Amino acid sequence: SFYCCLKFRDMVEKMTDGGAKGVIATVPDVTLLPYFTTVPYNPIPMDEATATAVNAAYADYNTGIQQAFGALVALNVISEDMANAEVAKRTISFAVGQNPVVIIDESLTDLGALNPAFSALQQLRQTTEEDLLVLPGSAFIGTLADPSNPLSVNGVGVALADQWVVTSSELASISAATAAYNATITDVASSNDNVALVDLNAILREASGGIVFDNYTITTSLVTGGLVSLDGIHLTGRGYALMANRILGAIDDKFGSNFRTATNGLAKADDYPTNYNPALR
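Residues numbered from 1 in each chain as written. Predicted model: local features only at pLDDT ≥ 70, side-chain atom pairs only at ≥ 80, totals over all residues. Heavy atoms only, no water.

Participant: For this particular structure, what's the right way to read the overall build of the protein?
Facilitator: Within the protein, the secondary structure is distributed over 9 helices and 10 strands. Here the C-alpha radius of gyration of the protein, 25 Å, is well above what a compact globule of 281 residues would show, namely 19 Å. With respect to the three principal axes, the spread of C-alpha positions in the protein is 70 × 50 × 30 Å. Here the protein, with 281 residues, has 40% of them falling under the buried criterion. Counting contacts in the protein only where the partners sit at least 6 residues apart, residues at least 24 apart contribute 68% of the total. Accessible area of the protein: about 14,900 Å², with a carbon and sulfur share of 56%. Within the protein, the 29 negative side-chain charges are centred at a point lying 13 Å from the centre of the 14 positive side-chain charges. (Helix = DSSP H or I, 4+ residues; strand = E, 2+ residues; numbered from the N terminus. Rg over C-alpha atoms; globule rule 2.2 N^0.38 Å. Buried < 20%, exposed > 50% of the residue type's maximum accessible area, 1.4 Å probe, protein only. Contact = heavy atoms within 4.5 Å. Areas by Shrake-Rupley, 256 points an atom, 1.4 Å probe, with all protein chains shown as cover. Lys, Arg positive; Asp, Glu negative; His and termini not counted. Charge placed at Lys NZ, Arg CZ, Asp CG, Glu CD.)

Here you go:
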């Protein structure tokens, strides 16, 4: 990311060399988009009989985790506090009601790499509120990995692979990278008189709570929010119109233009479609 920041700074300097003017924008925190926020961390409903059966199926795994970390503590490979914390994180348990899914988390200790005797103990845990399940998972979680095996439920009997979840540790990396890019972008804008800045990251955060756009309040909610299209990532026509208006406003503020005051200078919300009937304001 350091190299990319340097290249960005160099690129903007070359593009504005000679007095050319332009606009740059911060990088939005993509994890605020409905692609990452629509599917809850606990999408698995269970009754008592099902929860009891699944817990019984994971009993050997839970016992194995406890024994493996107990052995590592005895060999002074890991401290007891660290072992207890990871055992608690990796213990699989389902209950009546909505349940987290089982995932593979590569940030967990690879027990098989430490001792081949533990190779059957995968890096499994259940999701927490700090994890984000991606939108395509809504059609995958709960299906059968093997149609002939009713125990092969994806997210329950079969752990979800990395592609279906952004873990808490991955979120920390995304946040750090986004902050680093935006610090550079903001600094470039503040040190270059030929560049206006649009804080798209702040706009997306604002949209999480709702942004008034003409007669509408648009949000980042999937379908009815009006800002983001059905893929959960790209904006609707109305969403792009809002962003265009914010860009034009930034140009006004920086260079003294009159997009906001000119007749028809800004896009109108009613001229751009969303995912739903406009009557659902």
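What follows continues from the structure just given.
Participant: I'm lost on the environment of D252 in this one. Help?
Facilitator: Assignment of secondary structure puts D252 in helix α9 (residues 237–255). The class for D252 is buried, based on a relative accessible area of 8%. In this structure the C-alpha to C-alpha distance between D252 and S148, which are 104 residues apart in sequence, comes to 63 Å. Among all residues touching D252, those that are not within four sequence positions of it are S257, N258, F259 and R260.

Participant: Would you take a moment to explain the environment of L144 for this structure?
Facilitator: Relative to the elements of secondary structure, L144 occurs in the loop between β6 (132–133) and β7 (165–166). A relative accessible area of 35% places L144 in the partly exposed class. Along the sequence, L144 and N154 sit 10 residues apart, while their C-alpha atoms lie 5.9 Å from each other.

Participant: So what exactly am I meant to see when it comes to the nonpolar core here?
Facilitator: Across soluble globular proteins, you tend to see nonpolar side chains buried next to one another. Within the largest apolar cluster, 35 residues are counted, with the highest numbers of intra-cluster contacts made by Y58, F69, F94 and L111. Broken down by element, the residue count for this core peaks at 5 residues, all from helix α4 (residues 59–74). Excluding its chain neighbours within four sequence positions, the residues that come into contact with L111 are I65, A68, F69, L72, R90, F118 and L121. Residues L204, M243, A267 and A269 belong to the second largest nonpolar core, which totals 20 residues. (Core = buried A, V, L, I, M, F, W, Y, C linked by side-chain atoms within 4.5 Å.)

Participant: Sorry if this is basic, but what is going on with the side chain of T31 here?
Facilitator: As for its placement among the helices and strands, T31 is situated in the loop between β1 (22–25) and α2 (34–37). Discounting residues that sit within four places of it in the chain, T31 has contacts with F36, T37, L132, L171 and I174.

Participant: Hey, could you run me through the pattern of salt bridges in this one?
Facilitator: A side chain of one charge can pair with a side chain of the opposite charge if their charged atoms are brought near each other. Tallied over the entire structure, the rule returns 9 salt bridges. Between R125 and D105 there is a salt bridge; the shortest N-O distance is 2.6 Å. Here the residue R125 occupies a position in strand β5 (residues 124–126), and D105 occupies one in the loop between β4 (102–104) and α6 (111–114), the gap between them amounting to 20 residues. Residue D105 is classed as buried on the basis of its relative accessible area, which comes to 5%. Each of D105, R125 and D131 takes part in one network of salt bridges that share partners. (Salt bridge = Lys/Arg side-chain N within 4 Å of Asp/Glu carboxyl O.)

Participant: Would you mind going over helix α8 (residues 200–209) with me for this structure?
Facilitator: The periodicity of an α-helix, 3.6 residues per turn, causes residues three or four places apart in sequence to face the same way. Among the residues making up α8, those that are buried are L200, N201, I203, L204 and A207. For α8, the arc enclosing every buried residue in end-on projection is 160 degrees, short of the 170-degree limit, so these residues lie on one face. Summarising the contacts, the buried residues of α8 are in contact with β1, α7 (168–190), β8 (195–198), β9 (211–213), β10 (216–218) and α9. Of the residues trailing α8, G210 is marked for its positive phi of about 115 degrees. (Arc of directions from axis to C-beta.)

Participant: Hey, could you run me through the packing of aromatic side chains in this one?
Facilitator: The relative placement of two aromatic rings is captured by the distance of their centres and the angle of their planes. Counted according to the given criterion, the structure contains 4 aromatic pairs. Where Y35 meets F36, the ring centres are 5.0 Å apart and the plane angle is 75 degrees; that geometry is what we call edge-to-face. By relative accessible area, which is 13% here, F36 ends up buried. Pairwise contacts between aromatic rings join Y58, Y61 and F94 into one cluster. R238 extends its terminal NZ or CZ atom over the ring of Y216, reaching a point 4.0 Å from the ring centre. (Phe/Tyr/Trp six-rings, centres within 6.5 Å; stacked < 30°, edge-to-face > 60°. Lys NZ or Arg CZ within 6 Å of the ring centre and 35° of its normal.)

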